[in-house]
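# Descriptive structure summary
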Amino acid sequence: MTSAAAPTPPPTPATEKSMEEIVSLCKRRGFIFPASEIYGGINGFWDYGPLGAALKRNLREAWWRDCVMTPPTGPDGKPVRIVPVDSCIIQNPRVWQASGHVGGFNDPMVDCKETKARYRADHLSTVSNGGDFDPDRICVFINGDDKSRKRAVDRLEKHLRYENVPINTPLRRSDFLSFDWNKFGACIVGPDTDKPGTLTEARAFNLMFKTYVGANATEDDVAYLRPETAQGIFINFKNVVDTMRVKVPFGIAQVGKAFRNEVTPRNFTFRSREFEQMEIEFFCHPDQAKEWYIFWRDWRMAWWHSVGLTSENLRLREHDCDELAHYAKAGAGTSDIEYRFPFTAPDFGELEGVADRSTYDLTQHETESKSKLQFFDQERGEIAKNGQPKGEWFTPNVIEPSAGLDRGTLAVLCEAFTPDPERPSKVFMRFHPRLAPIKAAVFPLVNKDGMPEVAEKLHAELLARFGHLGAIEFDVKQSIGKRYARMDEAGCPFCFTIDGDTLTDQTVTMRDRDTASQERMNIDNVCDFVADKLQV
RNA sequence: GCGGGCGUAGUUCAGUGGUAGAACGUCAGCCUUCCAAGCUGAAUGUCGCCGGUUCGAGUCCGGUCGCCCGCUCCA
């Protein structure tokens, strides 16, 4: 009955957490299940169980509230303006033409049957004996790789000498994709082998899921499930500007599902084929791109800290120039906010990308759609005779903080997972109270002597005040220790226990999840205590 | 897509070609005044799935699906 303020234990290093145990706990306690499990599952898809759905919702709500409903103050000292949209998963296919996904998501790949190597076909070139006659041998090399090129040339010359084929014209370099595969496939030698004919024909790996709109299902009816939510924002830019009285700088936010037919889904929910994104496309004048980029990068980083991810497991990584995506080449930069997952540790995996997409997307859609996607700023431009600025048309620059909700949820799960051999449960989930699926639990110490009745009353009060934020548990079954242990694995931060003393002095025990310590407080103060901890 | 490993109860795992098992968890009852206590009982399995060999397959063989690891990939 003491209030022994036990110190909060230090976080467990990511390298000491077992992903297998985390996956197993997620299954056992109803956080995450394999999708379609009773039919043998489906590669790259996961379902959230009751606790997982609540956890994910809490993370989504936290993002929504902090980014959209009560956004931060910007670098200009003014409150940031963000408006939401909710766009369709299926759009006119021209959207993906303009965005570059139809081209960019179609990387033809080539496999070598001999060496098991795989190459991007557009990264390969060939050398052959030139001229108009059919080549006897075509040697392939990797673009930009001098060693690979030299090897291909050496091999070709050796072969031609050996076969006594006269070299009438200089060796000819060609694009790998330009050959008639039926005719020349058998004489192509891969970059890492001496045997001809081991390369497969280039096959396209289309990362977009394809479907058909309407009943005909012809090639004219092809549509795609969106591979990112961002384009749904860009194509609504004009509608938002025309209807919402917004002025640049402002942002449009969206949370929603996106789909990518990943070659190799891996690492639990980290790379799945159906996933949820939380994105802001922030529009600003190109002159201010740099400062807004830095602002969002740093503020998003701080946000992930605020939901409980610790500094040692979070880092900001600026992309190198050669790493930049096509849409970000002209921008001020791209950063990844990365988390040290147990399966990447000691390395990190991407949680959120913050990119300066420059004017790429709006320009692309303006060209493709022939709609004017620019903004008229009346406060810019040269000063007219009347002393007022003439105004200026410009294509806004886009800063994009794009976060993965499933990855965020996984990071929160991994961060929370805390092995503790001293506890009956051997492990507890240290969720930030704001994210915890179960906010509080009320237990009568024993199921008699009027304790259940008092507990039920407290439970009802907590439910009325906090039920919209998460579950409030009530349990009278079995021993108190077992009930605490269950709450440890579910990550419930506070348990309130009604005992014999409660009936006489109106005090209850608050059992703290992280320290397993107990503190007595008046039953009337319980709600305020919880409100304080939940930051509401 | 390639190579390796693994699929048996909710979980972790035993299981020699011959009746489907354990521990923990779950549920019910009793008991219990603070950390998975105890007692009594119960439910839970197409042994991932499909086929083959066999008198007989969880066990052997083939295929397939899924998970993990390494490649490859991740505009």
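Here goes a summary of the coordinates provided. All figures in this text were calculated on a predicted structure; none of them were measured in a lab.

## Some words on the pattern of salt bridges
- In total, this model carries 31 salt bridges according to the counting rule given.
- For D242, the salt bridge goes to K238, with nearest N and O atoms at 3.3 Å. Of this pair, D242 and K238 are both found in helix α8 (residues 237-244), 4 residues apart, which corresponds to roughly one turn of the helix.
- By relative accessible area, which is 38% here, K238 ends up partly exposed.

## What about the sheet that holds strand β20 (residues 397-404)?
- What the 7 strands build is an open sheet, ordered β3-β13-β14-β20-β17-β16-β15; its pairing is mixed. What marks the edges here is a single partner per strand, and that holds for β3 (82-84) and β15 (314-318). Adjacent strand axes in the sheet meet at a mean angle of 20°, parallel and antiparallel pairs treated alike.
- The strands touched by helix α9 (residues 289-306) are β3, β14 (274-284), β15, β16 (334-339), β17 (349-358) and β20; relative to β20, the strand with the most contacts, the crossing angle is about 15°.

## Focus on the protein's contact with RNA strand B
- Surveying the vicinity of RNA strand B reveals 52 residues, the closest of which are R271, P424, K477, R486 and T509.
- Sugar and phosphate atoms represent 52% of those atoms of RNA strand B found within 4 Å of the protein.
- Measuring from a phosphate oxygen of RNA strand B, one finds a side-chain N or O atom of K27 at 2.7 Å.
- E228 places a side-chain nitrogen or oxygen 2.5 Å from a base nitrogen of RNA strand B.
- Secondary structure elements with two or more residues in the surface near RNA strand B: α1 (19-28), α4 (101-104), β4 (106-111), β5 (118-120), α13 (480-490) and β26 (507-512).

## Here's the deal with the environment of I383
- With respect to the helices, strands and loops of the structure, I383 is situated in the loop between β18 (375-377) and β19 (392-394).
- On the accessibility criterion, I383 (55% relative accessible area) is exposed.

## Side note on the nonpolar core
- Grouped together as the largest cluster of nonpolar side chains are 66 residues, with contacts concentrated most on W296 and W304.
- Top element by residues in this core is α9. It accounts for 9 residues.
- W304 has contacts with L59, M278, L309, L314, I337, L351, E352, A403, G404 and G408, leaving out every residue within four places of it along the chain.
- Counting residues in hydrophobic clusters, the runner-up holds 21 residues, among them V442, A455, L462 and V508.

## Overview of unusual backbone geometry
- The omega torsion across V248 and P249 is 5°, close enough to zero to call that bond cis.
- Among the structural elements, P249 can be located in the loop between α8 and β13 (250-259).
- The omega torsion across A345 and P346 is 5°, close enough to zero to call that bond cis.

## Examining the packing of helix α2 (residues 50-69) against helix α11 (residues 405-416)
- At a minimum axis distance of 10 Å, the contact between α2 and α11 shows a crossing angle of 115°. By the criterion of interaxial angle, the relationship of α2 to α11 is roughly perpendicular. When you trace α2 past α11, the crossing you get is right-handed. In this structure, α2 uses L55, K56, L59 and R60 to contact α11, whose residues at the interface are L405, D406, G408, T409, V412 and L413.
- For the contact of α2 with α11, a count of residues per class yields 5 nonpolar, 2 polar and 3 charged.

Thresholds, definitions, all that
- Residues numbered from 1 in each chain as written.
- Chains lettered and ligands numbered in written order.
- Predicted model: local features only at pLDDT ≥ 70, side-chain atom pairs only at ≥ 80, totals over all residues.
- Heavy atoms only, no water.
- Salt bridge = Lys/Arg side-chain N within 4 Å of Asp/Glu carboxyl O.
- Helix = DSSP H or I, 4+ residues; strand = E, 2+ residues; numbered from the N terminus.
- Buried < 20%, exposed > 50% of the residue type's maximum accessible area, 1.4 Å probe, protein only.
- Pairing = 2+ DSSP bridges.
- Axes fitted to C-alpha atoms, helices over the stretch in contact; angles between N-to-C directions.
- Contact = heavy atoms within 4.5 Å.
- Near = heavy atom within 4 Å.
- Polar contact = N/O pair within 3.5 Å; in protein donor to acceptor, adjacent residues only side chain to side chain.
- Core = buried A, V, L, I, M, F, W, Y, C linked by side-chain atoms within 4.5 Å.
- Parallel < 35°, antiparallel > 145°, perpendicular 65-115°, else oblique.
- Left-handed = near helix turned anticlockwise from the far one by under 90°.
- Nonpolar A, V, L, I, M, F, W, Y, C, P; charged D, E, K, R; others polar.

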